[in-house]
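Structural overview
Each chain, written out:
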Amino acid sequence: MAPRQCSRCTVAKAMLRRPKTQEQVCRECFFTTFEEEVHQTIVDNKLFKPGERVAIAASGGKDSTVLAHIMTTLNSRHGYGLDLFLLSIDEGISGYRDDSLETVKRNEQQYGIPLRIVSYKELYGWTMDEIVAQIGTKNNCTFCGVFRRQGLCRSDPILYCGVPNLDTQALDRGAVLAGANKIATGHNADDVAETVLLNILRGDVPRLGRCANIITGEDSPLPRVKPFKYAYEKEIVLYAYYKKLDYFSTECIYAPFAARGFAREFIKDLEAARPMAIIDVIRSAEDFVFAAASEEKLPQPRTCERCGYISSQPVCKACVLLEGLNRGLPRLGVSRTRGRHGEKAGLHPSVARSDPSSGPPGPGTGGSEALRAERIRRAVKQVQISYEEAGGT
Ligand SMILES: Nc1ncnc2c1ncn2[C@@H]1O[C@H](COP(=O)(O)OP(=O)(O)OP(=O)(O)O)[C@@H](O)[C@H]1O
């Protein structure tokens with residue numbers, strides 16, 4: 001049987017089936033299509049303006065490494081006129097972040113753009129290793145998520161809501177110190193779809209209205225953008241693999257199950273049944289129309305009276321957490337988010353407590369693993385049947 005030709009160039013041999021579109025393409029066409037789709041996202045959504053100084057939030061992981069590679073490629077190919085640099089937050093997690101920072105240091109050389117590293121230790125006086133020694137591994141993601149940026153960390157996905165600049169954030173501080181106008185993060189389509197789903201499950205309409213935004217904090221001095229909003233995680237991995245990019249692939253040692261949260265597994269199952277489901281979840285969120293009243297429920301940004309950074313409260317969450325650490329009361333402020341929705345909504349406290357924002361969505365939360373797996377299997381089966389019934393192939 002003759003080898004199948006690339007459906008794009010129709011000359012070269014097809015080497016892979018694109019996870020997003022199922023097209024069979026050669027490697028070169030995969031690279032150019034992937035890059036040009038990101039370029040189109042950037043152009044269509046006016047993510048950057050010429051002359052801007054852009055911090056690429058670089059963890060050393062696959063998403064931000066591919067982002068750094070693509071941003072430098074597109075910046076020179078299409079003449080964006082951006083002043084790019086890598087910005088890394090060193091949370092102080094030995095055996096994890098120190099190793100991934102070594103990768104980012106090599107990326108600095110490989111992509112020829114400067115690197116700025118900002119540490120929790122210098123900003124807050126504490127490393128995550130020291131915090132974990134105080135608080136243990138149950139609520140540690142709350143500290144990390146708040147200090148880095150509420151919700152940048154996937155292990156605390158419920159919080160990465162797209163609400164701009166509500167708390168003291170290491171990335172913001174680092175970006176301000178380095179004179180940036182914008183921060184670009186490696187959040188991908190799977191991350192966004194997962195957040196949409198979590199906000200639906202949680203009934204958090206105000207956040208649902210914003211979580212699919214490609215730009216957050218548009219009116220602030222330091223907006224954040226997600227150039228990979230429509231890029232599938234699988235394609236990012238394939239891109240990094242075929243391009244032989246240098247990235248770090250270990251999960252955080254303090255949240256080893258973080259990437260296996262319920263919503264993430266569900267999104268993966270939906271994708272397996274119908275690849276465009278990820279985009280459809282995002283598009284649904286984009287097209288929701290919300291009552292004006294739901295916006296009013298979001299806390300309005302103000303200035304923290306202690307540190308001066310933008311906060312939703314008189315004293316920002318980072319300052320509350322820090323105060324607890326410094327007073328030897330590390331739990332101070334940790335459980336404040338509990339009941340914010342469930343108990344206020346009149347739910348029984350035991351139901352409200354299953355609110356996943358109170359901890360990383362590891363396998364242990366809210367029912368046994370077997371029950372959860374069964375629920376997912378049933379839900380996916382329903383999707384498959386209705387999809388087939390609808391004439392899907
Ligand atoms: N320590 C860090 N320093 C700088 N940016 C970070 C850091 N951690 C996360 N980010 C930014 O937040 C995005 C989402 O972070 P998350 O923890 O969900 O990791 P991820 O999806 O595995 O991404 P990556 O593969 O880039 O690590 C990253 O793509 C990156 O842009």
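Residues numbered from 1 in each chain as written. Predicted model: local features only at pLDDT ≥ 70, side-chain atom pairs only at ≥ 80, totals over all residues.

1. Section: the overall build of the chain
For the chain, the count of helices and strands is 16 helices and 10 strands. Buried residues in the chain amount to 43% of all 393 residues. Sequence separation of at least 24 residues holds for 66% of the intrachain contacts in the chain that already meet a minimum separation of 6. (Helix = DSSP H or I, 4+ residues; strand = E, 2+ residues; numbered from the N terminus. Buried ≥ 20, exposed ≤ 12 C-beta atoms within 10 Å, placed from the backbone. Contact = placed C-beta atoms within 7 Å.)

2. With respect to the environment of Leu 245
Along the chain, Leu 245 turns up in the loop between α10 (233–242) and α11 (262–273). As for Leu 245 and His 69, which are separated by 176 residues in sequence, their C-alpha atoms are 8.4 Å apart. In this structure, Leu 245 is in contact with Thr 65, Val 66, His 69 and Ala 240, ignoring residues within four places of it in sequence.

3. Digging into the nonpolar core
Generally speaking, a soluble globular protein has its nonpolar side chains buried in company with each other. One finds Ala 55, Ile 56, Leu 87, Ala 193, Val 196 and Ile 282 to be the most contacted residues of the largest nonpolar core, which totals 87 residues. Aside from chain neighbours lying at most four places away, what touches Leu 87 is Ala 55, Ile 56, Ala 57, Ala 58, Arg 116, Leu 171, Gly 174, Ala 175 and Ala 178. (Core = buried A, V, L, I, M, F, W, Y, C linked by C-beta atoms within 7 Å.)

4. A closer look at the UniProt feature "binding site: ATP" (unreviewed entry) in the chain
UniProt annotation of "binding site: ATP" (unreviewed entry) refers to Ala 57, Ala 58, Ser 59, Asp 63, Ile 89, Gly 186 and Asp 191 when read in the numbering used here. Tracing the backbone through its elements, the reader meets Ala 58 in the loop between β3 (53–57) and α2 (62–77). Setting aside chain neighbours within four positions, we find Ala 58 in contact with Ser 64, Ala 68, Leu 86, Leu 87, Ser 88, Val 104 and Asn 107. Mapped onto the secondary structure, Gly 186 falls in the loop between β6 (182–184) and α8 (189–201). Not counting chain neighbours up to four residues away, the residues in contact with Gly 186 comprise Asp 63, Ser 64, Leu 67 and Phe 228. (UniProt positions renumbered as here; feature names shortened; annotations may be inferred.)

5. Examining the UniProt feature "domain: Cytoplasmic tRNA 2-thiolation protein 1 C-terminal" (unreviewed entry) in the chain
Under the present numbering, the feature "domain: Cytoplasmic tRNA 2-thiolation protein 1 C-terminal" (unreviewed entry) in UniProt falls on residues 303–332. Between the end C-alpha atoms of residues 303–332 the distance is 21 Å, and the span holds 33% helix and 10% strand.

6. What about the pairing of strand β4 (residues 83–90)?
The buried fraction of β4 is high, at 7 of 8 residues. Pairing analysis gives 5 bridges linking β3 to β4, with the strands arranged parallel. Its bridge partner lying in β4, Val 54 is registered against Leu 84. On the question of chirality, the crossover connecting β3 to the parallel β4 by way of α2 is right-handed. With 5 bridges joining them, β4 and strand β5 (residues 115–119) adopt parallel strand pairing. Paired with Leu 86 across the two strands is Leu 115, which belongs to β5. Running through helix α3 (residues 97–111), the crossover from β4 to the neighbouring parallel element β5 is right-handed. (Pairing = 2+ DSSP bridges. Right-handed = clockwise from strand over helix to strand, strands pointing away.)

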